[in-house]
Amino acid sequence: VSDLLGLEVQTAVMWETLVMGAMEAYVKSGNYTVLKVVEALGSSLENPEPRTRARGIQLLSQVLLQCHSLLLEKEEKITHCQHFLPSQNSLCVALPPGLAVSVLKAIFQEVHVQSLLQVDRHTVFSIITNFMQSREEELKDLGADFTFGFIQVMDGEKDPRNLLVAFHIVHDLISRDYSLGPFVEELFEVTSCYFPIDFTPPPNDPYGIQRDDLILSLRAVLASTPRFAEFLLPLLIEKVDSEILSAKLDSLQTLNACCAVYGQKELKDFLPSLWASIRREVFQTASERVEAEGLAALHSLTACLSRSVLRADAEDLLNSFLSNILQDCRHHLCEPDMKLVWPSAKLLQTAAGASARACDHITSNVLPLLLEQFHKHSQSNQRRTILEMILGFLKLQQKWSYEDKDERPLSGFKDQLCSLVFMAITDPSTQLQLVGIRTLTVLGAQPDLLSSGDLELAIGHLYRLSFLEEDSQSCCREVCVANQLSSPYQQGFVGRAFTPLHRELDVTREHGPNKCSRHLLCLQALSAVSTHPSIVKETLPLLLQHLWQANKGNVVIGFNDIIAICQSLQQVAEKCHRDPDSCWYFHETALPCLFALAVQASMPEDSSVLRKVLLEDEVLAALASVISTATIHLSSELAAQSVTRIVPLFLDGNISFLPENSFPSRFQPFQDGCSRQRRLVVLLMAFVCSLPRNVEIPQLTQLMRELLELSCCPGCPFSSTAAAKCFAGLLNKHPAGQQLDEFLQLAVDTVEAGLGAGSSRSQAFTLLLWVTKALVLRYHPLSSCLTARLMGLLSDPELGPAAADGFSLLMSDCTDVLTRACHADVRIMFRQRFFTDNVPDLVQGFHAAPQDVKPNYLKGLSHVLNRLPKPVLLPELPTLLSLLLEALSCTDSVVQLSTLSCLQPLLLEAPQIMSLHIDTLVTKFLNLSSSPSMAVRIAALQCMNALTHLPTPVLLPYKPQVIRALAKPLDDKKRLVRKEAVSARGEWFLLGSPGS
């Protein structure tokens with residue numbers, strides 16, 4: 001055996017395997033003891049050559065692994081001496097009680113771990129980890145000696161792979177209650193010396209260890225026990241006060257984590273210094289991230305002090321801490337120049353948001369001061385600033401509940417607040433009015449705060465702003481926002497708002513065009529206040545009645561007015577989903593009315609005012625959106641009731657459920673010669689494609705055949721596209737089985753027949769596209785065949801460009817069908833799978849395609865890459881980047897824009913790879929900054945800006961050239977282009993300057 005172990009690795013591997021098998025067989029049979037194996041390997045185990053010794057240990061380890069149950073006790077003691085610590089690999093051996101301690105003691109006493117190679121040090125940490133998992137009680141019996149031994153092992157470790165394991169061990173030492181004894185400070189020192197983490201992974205790091213991995217692991221250790229507080233808090237204060245941005249962020253985030261386990265005892269001596277550091281960062285920092293982390297740390301500190309249980313004789317640290325905050329901030333609220341008003345307000349509101357006690361303490365001290373300052377300042381902009389601060393404190397009150405009405409801090413300020421808000425609402429400044437309205441909304445949300453008289457006065461002001469002020473448009477928008485009130489306390493407020501709106505609707509309904517805008521304004525306000533079931537039952541009939549009145553010619557109405565009414569109906573539908581009864585009420589009330597109006601408008605004999613307007617593409621799309629929103633949230637039982645009426649309406653012309661259904665002709669949308677009625681298939685699409693998947697659709701086979709036939713009918717792209725989308729939406733949800741296979745075969749046959757005929761090729765292509773998308777989303781096997789058919793069309797002279805744009809549809813999220821909201825079968829990683837399955841074929845097709853067809857492949861590829869999650873794209877970037885750069889030379893502005901949109905985030909996320917192509921990138925981006933397309937010019941300039949994130953040494957040789965070239969777009973005729981040019985040129989000017 002010893003001779004074999006001395007051979008070269010290639011020669012000895014086979015022999016070692018045979019010998020190991022023989023050894024195992026002999027030991028298991030009892031003819032050979034492990035002691036004899038050790039004796040046979042003796043010279044190899046003590047060989048000064050590390051490789052030979054390692055192979056001997058490896059061989060012995062394999063034997064022990066298979067035969068450990070046969071070892072005698074004296075053999076166990078011999079074989080588990082410190083000489084058998086594996087230098088290449090660690091194999092877990094089942095040890096009898098006590099031997100795990102012996103092994104660790106041997107390691108701690110005899111092995112200088114930090115003198116070993118990285119892999120051997122990692123082995124030691126792995127052994128300790130394994131023993132802590134399997135022999136916890138034995139290790140705990142060692143007491144603090146185990147902690148001290150581990151400290152010696154870890155001290156001086158530098159490799160990030162080993163540190164991740166070491167940090168995990170320290171965390172387990174603390175969280176599993178191992179004895180730290182007198183070594184708490186030593187354990188802290190051996191871990192805190194790495195804080196803050198300063199690690200940048202090397203390029204192409206095969207281990208994948210990131211800086212954040214180390215940061216989070218170390219933070220978990222430092223924040224795991226209050227016993228570290230006396231050592232950690234001074235360190236955190238020191239790092240926050242440093243000039244290093246990353247150290248500030250890490251320290252504040254660590255402080256935030258520590259507050260979850262600390263109490264008043266740990267924080268008491270450090271509160272003044274912590275507050276001083278946080279205050280300085282908020283008042284003086286130039287980094288929004290540092291400010292945000294500082295505020296988060298202040299919130300956690302206040303919450304920690306708030307939850308600590310006080311002894312009767314203990315000092316209330318929360319009150320003293322809040323008093324210090326108030327002392328340092330409140331005088332800034334009174335300064336005439338108001339320079340530090342917002343930083344002070346942020347600090348106060350952050351502390352107030354941590355607990356009910358903190359909120360009461362700060363609000364009761366700050367509100368009187370702010371109320372006084374509002375009256376002291378006469379300028380509207382200053383008053384607006386103060387009122388916005390008051391609004392912030394009022395919003396915090398909504399977080400806490402008070403059982404006793406008299407305990408609410410706002411009760412004592414109610415009259416002053418109402419007076420101030422009404423003063424703001426009547427101010428000439430629109431901006432101050434808007435803040436006043438938002439404040440009034442928050443006051444109305446406080447349970448039982450406003451009296452009946454206050455509510456009446458508030459409604460009067462809102463009514464005046466909505467309908468009597470010249471600037472009513474902007475104010476009404478704010479009223480709509482203000483009245484989206486879902487709290488049950490708001491129902492009386494909203495109910496009072498309904499009364500004047502109803503009155504205004506009656507006043508304006510009978511008037512002509514001069515009152516129409518006010519009428520629509522009233523309708524929008526009605527939809528905004530429809531937040532409760534009882535209100536919906538009042539507002540919905542009024543909105544629908546307005547459509548009927550227009551249909552009868554009693555109200556003059558146009559294209560934009562119908563769109564606005566549909567938008568109002570959709571707002572109501574969206575609010576109704578919170579309550580199942582309201583959802584069904586809206587569905588049962590609105591859908592028959594909308595279908596009836598549309599069917600009436602589609603009749604050949606109809607001459608109503610609404611006929612032409614209702615059949616416009618945009619209006620039908622708006623109606624479809626209302627129908628879809630009203631159907632999405634239906635329960636399966638209620639949806640099943642509705643589908644038995646709406647599907648027969650389209651297949652059989654059954655109009656019995658429609659109001660005012662005495663139509664002059666039959667409704668037959670799938671019959672020839674009914675071009676108007678065919679347009680209404682988009683409404684059918686909106687309904688059936690929004691149903692839950694388990695709802696059975698009646699006459700499904702007939703419906704699918706009719707949709708297929710209509711989808712390939714030339715003459716009305718709107719109708720044929722709606723039919724194709726409807727067919728695809730139903731395919732996507734249909735369960736696998738024979739019927740689905742039959743539908744798919746019908747679809748494939750229809751597509752192939754249509755693509756071969758000249759008059760309906762475009763319609764057949766649209767059907768192919770939507771069916772492919774439906775199958776791609778659900779991972780259906782046929783999707784690969786249909787995608788290949790789509791790729792084949794890239795070379796088609798007529799359909800090639802459209803086929804390239806089709807890849808954008810396949811990768812994008814839809815808005816009307818095939819969405820998760822509509823219960824479609826959408827797999828989470830369909831984009832990644834589509835990329836993996838199809839991009840190699842696209843690249844291969846590009847290389848093989850004629851020159852005039854290559855742009856189609858580039859466009860399709862850019863669409864796929866542009867919508868792919870960047871973590872998926874980055875590993876493939878080196879092989880695809882040359883194609884992306886070639887796509888920038890394409891004359892198609894769509895290809896250019898899509899490629900630029902793909903490249904911009906890559907400049908930020910893969911700077912090393914992108915730097916290799918800097919010359920090409922600079923040249924192409926500058927050329928495209930003069931493109932005829934404004935969108936391309938903007939995207940190119942944004943990419944020039946993103947280039948500044950590449951390593952500075954790579955960019956500096958191009959700085960003069962870029963600055964000269966970017967002077968031209970500064971004079972572009974489009975303001976948005978000039979804006980991007982200024983931003984990009986400024987970044988290039990700063991390139992290489994100190995602190996940039």
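Residues numbered from 1 in each chain as written. Predicted model: local features only at pLDDT ≥ 70, side-chain atom pairs only at ≥ 80, totals over all residues. Heavy atoms only, no water.

- An unreviewed UniProt entry lists the protein chain under the name MMS19 nucleotide excision repair protein, with Nannospalax galili given as the organism.
- UniProt annotates the protein chain under Sequence similarities (unreviewed entry) with the comment "Belongs to the MET18/MMS19 family." (UniProt positions renumbered as here; feature names shortened; annotations may be inferred.)

## Re the overall build of the protein chain
Point 1. Summing up its helical and strand segments, the protein chain has 53 helices and zero strands in all.
Point 2. Considering only contacts within the protein chain whose residues lie at least 6 apart along the sequence, 73% involve residues at least 24 apart.
Point 3. When the accessible surface of the protein chain is totalled, it reaches about 43,400 Å², and 52% of it is carbon and sulfur. (Helix = DSSP H or I, 4+ residues; strand = E, 2+ residues; numbered from the N terminus. Contact = heavy atoms within 4.5 Å. Areas by Shrake-Rupley, 256 points an atom, 1.4 Å probe, with all protein chains shown as cover.)

## Brief notes about the nonpolar core
Point 1. Counting residues in each nonpolar core, the largest one holds 175 residues, and the members touching the most others are L569, F586, V688, F925, L947 and W988.
Point 2. Among the elements that take part in this core, helix α31 (residues 580-602) stands out by supplying 13 residues, more than any other.
Point 3. If we skip the residues at most four places from it in the chain, F925 touches L888, L900, L903, L907, A940, C943, M944 and L947.
Point 4. Among the nonpolar cores identified, the runner-up in size contains 129 residues, and V124, L271, F283 and L443 belong to it. (Core = buried A, V, L, I, M, F, W, Y, C linked by side-chain atoms within 4.5 Å. Buried < 20%, exposed > 50% of the residue type's maximum accessible area, 1.4 Å probe, protein only.)

## Quick notes on the pattern of salt bridges
Point 1. By the definition in use, this model includes 25 salt bridges.
Point 2. For E798, the salt bridge goes to R761, with nearest N and O atoms at 2.9 Å. Taken together, the residues span a long stretch of sequence, with E798 in the loop between α41 (782-792) and α42 (800-811) and R761 in helix α40 (residues 761-777) at a distance of 37 residues.
Point 3. Taking relative accessible area as the criterion, E798 reaches 48% and is therefore assigned partly exposed.
Point 4. Between D892 and K859 there is a salt bridge whose closest N-O contact spans 2.8 Å. Highlighted residues: D892 in the loop between α46 (877-887) and α47 (893-909) and K859 in helix α44 (residues 854-866), separated in sequence by 33 residues.
Point 5. By relative accessible area, which is 23% here, D892 ends up partly exposed.
Point 6. On the basis of relative accessible area, K859 is assigned to the buried category, the value being 5%. (Salt bridge = Lys/Arg side-chain N within 4 Å of Asp/Glu carboxyl O.)

## Thoughts on the packing of aromatic side chains
Point 1. Considering all chains together, one arrives at 10 aromatic pairs under this definition.
Point 2. Ring geometry for F125 against F150: centres 6.3 Å apart, planes inclined by 70°, an arrangement best described as edge-to-face. Of this pair, F125 sits in helix α8 (residues 118-134) while F150 is found in helix α10 (residues 144-154), placing the two residues 25 residues apart along the sequence.
Point 3. Looking at F125, the relative accessible area reads 0%, which means it is buried.
Point 4. You can call F150 buried: its relative accessible area is 0%. (Phe/Tyr/Trp six-rings, centres within 6.5 Å; stacked < 30°, edge-to-face > 60°.)

## Description of unusual backbone geometry
Point 1. The omega torsion across F195 and P196 is -5°, close enough to zero to call that bond cis.
Point 2. A positive phi angle, close to 60°, is found at D177, a residue other than glycine.
Point 3. Here D177 lies in the loop between α11 (160-175) and α12 (184-192).
Point 4. Even without glycine at this site, Q699 takes up a positive phi of about 55°.

## Structural notes on the confidence of the model for the protein chain
Point 1. Per-residue confidence for the protein chain gives a mean pLDDT of 83, with 83% of residues at or over 70.
Point 2. Predicted confidence is poor over residues 480-492, with pLDDT under 50, and the contacts of this stretch with residues over four places away or in other chains come to 33 contacts.
Point 3. Confidence over residues 510-515 falls short of pLDDT 50; this stretch has two contacts with residues more than four positions distant or in other chains. (pLDDT = per-residue confidence, 0-100.)

## Notes on helix α50 (residues 934-947)
Point 1. Along its 14 residues, α50 runs 20 Å from first to last C-alpha, staying within 8% of the 20 Å computed at 1.5 Å per residue.
Point 2. Among the 14 residues in α50, 11 count as buried, and that is most of the element.
Point 3. The complete set of buried residues in α50 reads V936, R937, I938, A939, A940, L941, C943, M944, N945, A946 and L947.
Point 4. Looking at the buried side of α50, the elements it contacts are α47, α49 (918-928), α51 (952-955), α52 (959-965) and α53 (975-990). (Expected span 1.5 Å × (residues − 1).)

## A word on the packing of α31 against helix α34 (residues 636-652)
Point 1. For the pair α31 and α34, the least separation of the axes is 12 Å and the interaxial angle reads 5°. The angle between the axes of α31 and α34 places the two elements in the roughly parallel class. Listed contacts from α34 to W584, H587, E588, L591 and F595 of α31 are L638, Q641, S642, R645, I646, L649 and F650.
Point 2. Looking at the contact of α31 with α34, its residues break down into seven nonpolar, three polar and two charged. (Axes fitted to C-alpha atoms, helices over the stretch in contact; angles between N-to-C directions. Parallel < 35°, antiparallel > 145°, perpendicular 65-115°, else oblique. Nonpolar A, V, L, I, M, F, W, Y, C, P; charged D, E, K, R; others polar.)

## Topic: a negative patch on the surface
Point 1. A cluster of like negative charges, contributed by E185, E186, E189 and E230, occupies part of the molecular surface.
Point 2. By the element assignment, E230 lies in helix α14 (residues 229-240). (Patch = residues over 30% accessible without salt bridge, like charges linked within 9 Å, V, L, I, M, F, W, Y side chains within 5 Å. Lys, Arg positive; Asp, Glu negative; His and termini not counted. Charge placed at Lys NZ, Arg CZ, Asp CG, Glu CD.)

## Considerations on the state of the cysteines
Chemically, a disulfide is nothing more than a covalent bond linking the sulfur atoms of two cysteines.
Point 1. The full count for this structure, using the stated rule, is zero disulfides.
Point 2. Of the cysteine sulfurs around C304, a residue in no disulfide, the closest is that of C259, at 5.3 Å.
Point 3. You can call C304 buried: its relative accessible area is 0%. (Disulfide = S-S within 2.5 Å.)

## Digging into α34
Along an α-helix, residues three or four apart share an orientation, since each turn contains 3.6 residues.
Point 1. With 17 residues, α34 ought to run about 24 Å at 1.5 Å a step, and its terminal C-alpha atoms sit 24 Å apart, in line with that.
Point 2. Here α34 has its buried residues at A639, S642, V643, I646, V647, P648, L649, F650 and L651.
Point 3. Those residues of α34 hidden inside the fold are in contact with α31, α36 (681-688) and α37 (700-711).
Point 4. With its phi angle positive at about 70°, G653 sits one or two positions after the end of α34.

## Observations concerning the environment of V695
Point 1. Along the polypeptide, V695 turns up in the loop between α36 and α37.
Point 2. Residue classification places V695 among the buried residues on the basis of a relative accessible area of 10%.
Point 3. Considering only alpha carbons, one finds V695 and L638, 57 residues apart in sequence, at a separation of 9.6 Å.
Point 4. Setting aside chain neighbours within four positions, we find V695 in contact with S636, A639, A640 and V643.

## Concerning the environment of L432
Point 1. Here L432 shows up in helix α24 (residues 430-445).
Point 2. The exposure class assigned to L432 is buried, which follows from its relative accessible area of 0%.
Point 3. In this structure, the C-alpha to C-alpha distance between L432 and V421, residues 11 residues apart in sequence, is 9.6 Å.
Point 4. Once residues lying within four places of it in the same chain are set aside, the contact partners of L432 are S380, R383, R384, L387, A424 and D427.

## Focus on the side chain of K924
Point 1. Tracing the backbone through its elements, the reader meets K924 in helix α49.
Point 2. Here the side chain of K924 touches S889 through a polar contact of 2.4 Å, side chain to side chain.
Point 3. Residues contacting K924, with those up to four places away along its chain left out, are L885, L888 and S889. (Polar contact = N/O pair within 3.5 Å; in protein donor to acceptor, adjacent residues only side chain to side chain.)

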